[in-house]
Amino acid sequence: DLSSTEMIPDLIKSRKLAKELLSSILETEKYGYARPLIHILSNTENDSVKLSLYDKERAIRQISRSIKIERPVRTSGLLLISVSSFEPNLVS
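Model, not experiment: these values are computed from the prediction.

Peer 1: Help me understand the overall build of the protein chain, please; the structure alone is not making it clear to me.
Peer 2: Within the protein chain, the secondary structure is distributed over 5 helices and 4 strands. Tracing the protein chain from N to C terminus, the helices and strands come up as α-α-β-β-α-α-β-β-α. With the C-alpha coordinates of the protein chain rotated into their principal frame, the extents come out at 50 × 25 × 20 Å. Of all 92 residues assigned to the protein chain, the portion counted as buried reaches 28%. Put simply, the protein chain shows about 6,400 Å² of open surface, and 56% of that area lies on carbon and sulfur atoms.

Peer 1: Please clarify how the pattern of salt bridges should be interpreted in this entry.
Peer 2: Oppositely charged side chains are able to pair whenever their charged atoms sit close together. This model, assessed by the stated rule, comprises 1 salt bridge. With a shortest N-O distance of 2.9 Å, arginine 15 and glutamate 57 are connected by a salt bridge. With arginine 15 in helix H2 (residues 15-22) and glutamate 57 in helix H4 (residues 53-66), this pair connects stretches of sequence that are 42 residues apart.

Peer 1: What is the right way to look at the layout of surface pockets in this model?
Peer 2: Where empty space is left in the structure can be found by rolling a water-sized probe over the atoms. Within this model, the largest pocket holds a volume of roughly 400 Å³. Lining the largest pocket are 17 residues; nearest its centre among them are Leu37, Ile63, Ser66, Val83 and Leu90. Going through the elements one at a time, helix H3 (37-42), H4 and helix H5 (88-91) are the ones with two or more residues in the lining of the largest pocket. The residue makeup of the lining of the largest pocket, split by class, is 10 nonpolar, 7 polar and no charged.

Peer 1: I'm lost on the environment of serine 66 in this one. Help?
Peer 2: Mapped onto the fold, serine 66 is located in helix H4. Along the primary structure serine 66 and threonine 5 are separated by 61 residues, whereas in three dimensions their C-alpha atoms are 20 Å apart. When neighbours within four sequence positions are excluded, serine 66 is seen to be in contact with Ser82, Val83 and Ser84.

Peer 1: What am I meant to see in a nonpolar patch on the surface here?
Peer 2: On the surface, Ile81, Val83 and Val91 cluster together into a nonpolar patch covering about 210 Å² of accessible area. For valine 83, the position within the fold is in strand E4 (residues 80-83). The exposure class assigned to valine 83 is partly exposed, which follows from its relative accessible area of 35%.

Peer 1: Explanation requested: empty space enclosed by the protein in the structure shown.
Peer 2: Tallied over the entire structure, the rule returns 1 cavity of 30 Å³ or more. Ile12, Lys13, Ser14, Arg15, Leu17, Ala18, Leu21, Ile60, Ile63, Ser64 and Ile67 together form the lining of the largest cavity. Elements with a contribution of two residues or more to the lining of the largest cavity: H2 and H4. Grouping the constituent residues of the lining of the largest cavity by class yields 7 nonpolar, 2 polar and 2 charged.

The rules behind each value
Residues numbered from 1 in each chain as written. Predicted model: local features only at pLDDT ≥ 70, side-chain atom pairs only at ≥ 80, totals over all residues. Heavy atoms only, no water. Helix = DSSP H or I, 4+ residues; strand = E, 2+ residues; numbered from the N terminus. Buried < 20%, exposed > 50% of the residue type's maximum accessible area, 1.4 Å probe, protein only. Areas by Shrake-Rupley, 256 points an atom, 1.4 Å probe, with all protein chains shown as cover. Salt bridge = Lys/Arg side-chain N within 4 Å of Asp/Glu carboxyl O. 1 Å grid on protein atoms, 1.4 Å probe; cavity = no way out; pocket = protein on both sides within 12 Å on 5 of 7 lines; lining within 4 Å. Points joined across faces, edges and corners; volume = space filled by probe spheres on them. Nonpolar A, V, L, I, M, F, W, Y, C, P; charged D, E, K, R; others polar. Contact = heavy atoms within 4.5 Å. Patch = residues over 30% accessible without salt bridge, like charges linked within 9 Å, V, L, I, M, F, W, Y side chains within 5 Å.

Next comes the structure, spelled out in structure tokens:
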């Protein structure tokens with residue numbers, strides 16, 4: 001059942017969700033203007049640069065590593081989800 005709390009960690013850490021997030025346009029303090037997340041994570045200066053499959057896979061792994069999901073009480077449906085990044089705008 002997709003509404004089960006057992007599935008939520010798998011859905012949040014899925015490659016499909018990470019791929020969708022890569023196209024998100026975000027404004028950061030570091031770059032000062034709205035940019036696609038994939039270019040932020042790839043640290044490219046120019047957003048028109050065509051990124052390789054390797055760059056995309058690396059960005060997907062970065063997203064996955066930045067998300068931590070914990071279940072403090074096994075019998076409860078409670079999940080603690082935390083996201084880390086170099087800047088608060090990326091986390092939100």
